[in-house]
Amino acid sequence: MRVKVLRPGLLTSIQDLGRYGFQQRGVIVSGAMDTFSLRMANLLVGNDEGEAGLEITLMGPKLEFEESALVAVCGADLSPEVDGQSIPQWRPVYIKKGSILNFRGCVSGCRAYLAMAGGFVVEKVLGSRSTYLRAGIGGYQGRALKEGDVLEAGQPSERAEWKMQKLSAQGGDTIASGWSISVDVFPDYDVNPTVRVLRGAQFDRFTKESREAFFASTFQVTPQSDRMGYRLKGPELSLTEPLEMLSSSVAFGTVQVPPEGQPIALLADRQTAGGYPKIAQIISVDLPVIAQVKPGEKIRFQEVSLEEAEALYLAREKQIQQVKQGIALRYR
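Below is a summary of the structure that appears in this document. (Residues numbered from 1 in each chain as written. Predicted model: local features only at pLDDT ≥ 70, side-chain atom pairs only at ≥ 80, totals over all residues. Heavy atoms only, no water.)

Attention now goes to the sheet that holds strand β14 (residues 219–221). The strand order around the closed barrel formed by seven strands is β13-β20-β17-β18-β15-β14-β21, and the pairing between neighbours is mixed. This sheet shows a mean twist of 40° between the axes of neighbouring strands, independent of strand direction. Strand direction decides the pairing type here: strand β13 (residues 194–199) and strand β21 (residues 298–303), joined by four bridges, are parallel. The residue of β21 that forms the bridge with Val 195 is Phe 301. Lying over the sheet, helix α3 (residues 208–216) contacts β13, β14, β17 (254–256), β20 (278–282) and β21, oriented at roughly 120° with respect to β21. (Pairing = 2+ DSSP bridges. Helix = DSSP H or I, 4+ residues; strand = E, 2+ residues; numbered from the N terminus. Axes fitted to C-alpha atoms, helices over the stretch in contact; angles between N-to-C directions. Contact = heavy atoms within 4.5 Å.)

This next bit is on the pattern of salt bridges. With the rule as written, the count across this model stands at 16 salt bridges. Arg 227 is the salt-bridge partner of Glu 55, the closest N and O atoms lying 2.7 Å from each other. With a gap of 172 residues between them, Glu 55 in strand β3 (residues 53–57) and Arg 227 in the loop between β14 and β15 (229–233) connect regions that are remote in the sequence. Across the pair, Arg 227 and Glu 55 agree in class, each one buried. Between Arg 227 and Asp 269 there is a salt bridge, with the nearest N and O atoms lying 3.0 Å from each other. One end of the pair, Arg 227, is in the loop between β14 and β15; the other, Asp 269, is in the loop between β18 (264–266) and β19 (273–274), and 42 residues separate them in sequence. The burial state of Arg 227 is the same as that of Asp 269; both residues are buried. Three or more residues are tied together by salt bridges with common partners; here these are Arg 39, Glu 49, Glu 317 and Lys 324. (Salt bridge = Lys/Arg side-chain N within 4 Å of Asp/Glu carboxyl O. Buried < 20%, exposed > 50% of the residue type's maximum accessible area, 1.4 Å probe, protein only.)

Another aspect to go through is the sheet that holds strand β11 (residues 150–152). Strand order across the open sheet formed by six strands is β7-β6-β9-β4-β1-β11, with antiparallel pairing between neighbours. The open sheet has two edge strands with one neighbour each: β7 (85–86) and β11.

Tallied over the full model, the rule gives seven aromatic pairs. On the numbers, 6.1 Å between centres and 45° between planes, the contact of Phe 36 with Trp 90 is tilted. Of this pair, Phe 36 sits in helix α1 (residues 35–44) while Trp 90 is found in the loop between β7 and β8 (93–95), placing the two residues 54 residues apart along the sequence. Here Phe 36 and Trp 90 have matching classes, each one buried. (Phe/Tyr/Trp six-rings, centres within 6.5 Å; stacked < 30°, edge-to-face > 60°.)

This next bit is on the side chain of Asn 102. By the secondary structure assignment, Asn 102 is in strand β9 (residues 100–103). For Asn 102, a relative accessible area of 15% corresponds to the buried category. There is a polar contact of 2.4 Å between the side chain of Asn 102 and the side chain of Arg 7. (Polar contact = N/O pair within 3.5 Å; in protein donor to acceptor, adjacent residues only side chain to side chain.)

Let us now look at the environment of Leu 43. Summarising the element assignment, Leu 43 is placed in helix α1. The exposure class of Leu 43 is buried, given its relative accessible area of 4%. Distance in space between the C-alpha atoms of Leu 43 and Arg 91 is 9.7 Å, their sequence separation being 48 residues. Residues contacting Leu 43, with those up to four places away along its chain left out, are Glu 49, Lys 324 and Ile 327.

Moving on, we come to the pairing of strand β2 (residues 11–15). Of all five residues in β2, four are buried; the element is thus mostly enclosed. One ladder, built from five bridges, connects β2 with β3; its direction is antiparallel. Bridging across to β3, Ser 13 finds its partner in Glu 55.

Relative to each other, α1 and helix α5 (residues 306–330) sit at 15°, their axes nearing to 10 Å. When the axes of α1 and α5 are compared, the pair comes out roughly parallel. Of the two elements, α1 crosses α5, and the hand of that crossing is right-handed. Between α1 and α5, the residues in contact are Phe 36, Arg 39, Met 40, Leu 43 and Leu 44 and Arg 316, Glu 317, Ile 320, Val 323, Lys 324 and Ile 327, respectively. (Parallel < 35°, antiparallel > 145°, perpendicular 65-115°, else oblique. Left-handed = near helix turned anticlockwise from the far one by under 90°.)

The values are spatial; any link to function lies outside them.
Structure follows, in structure tokens:
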């Protein structure tokens with residue numbers, strides 16, 4: 001199955017769930033910013049949840065399908081349409097050969113994820129198909145998509161083939177499934193969300209006023225933000241005294257504070273180690289939330305305990321497994 005890129009959009013790249021096992025050698029994880037949306041899109045089209053899909057940022061691409069396909073779009077609402085007809089998100093959609101998928105503009109969120117039955121096939125680099133833009137590895141030639149690129153998809157699963165036949169039998173060039181993922185499962189994708197965090201390793205080294213301001217204030221995501229990290233603008237955060245640190249490991253969602261006092265939330269393309277004091281760590285279930293915040297929007301931080309974070313993570317994974325089982329029943 002082949003898809004031709006007629007227009008690439010602002011930033012469209014191939015991503016899976018990341019490149020793990022090499023951080024000790026300085027190789028970053030990368031992968032989807034909003035892993036929840038990518039996982040859901042893959043499950044909807046009969047793929048394993050870790051298959052490679054397209055991460056689409058703010059302005060979407062224009063794609064021509066050279067063969068009929070089963071797709072799903074999850075995450076941000078970028079107004080997807082096929083041949084001028086709007087299509088729903090969070091559900092399987094059959095697209096007929098020769099049709100053109102376009103995105104009219106961003107309504108909400110920041111990143112949409114397009115999964116295609118069979119997954120996008122590119123060479124794996126260190127076990128992952130994710131694109132790491134700065135190093136030029138993975139994905140489609142190690143870069144964002146360009147006009148004229150032709151993407152290949154693998155063989156759809158038997159379940160996906162069955163779904164395509166069922167939807168195509170209804171007639172028409174584009175047919176959406178009558179069922180979708182319930183909004184009750186979605187992360188809190190509100191505008192200007194509250195993001196839950198644990199205290200960071202150096203939390204107590206900040207002044208009392210800074211610790212209080214971190215949780216009481218609003219921080220704006222600045223235009224100097226990207227997949228590596230969100231630079232935040234808010235009250236200046238200060239240490240009680242100068243602190244010399246050795247670089248240590250960082251994770252998706254680590255919030256560091258450089259000397260100027262404005263925090264940085266590290267994201268999918270984060271470095272493998274950092275030397276700035278860590279004031280907080282965003283909990284796993286809220287990583288998709290911050291991934292959908294656009295530059296110019298604002299966030300607040302709320303402290304939770306490690307026990308609460310673990311319970312929320314287990315509850316979210318249980319929900320995903322229930323969704324997975326529900327989709328499997330729909331494909332019988």
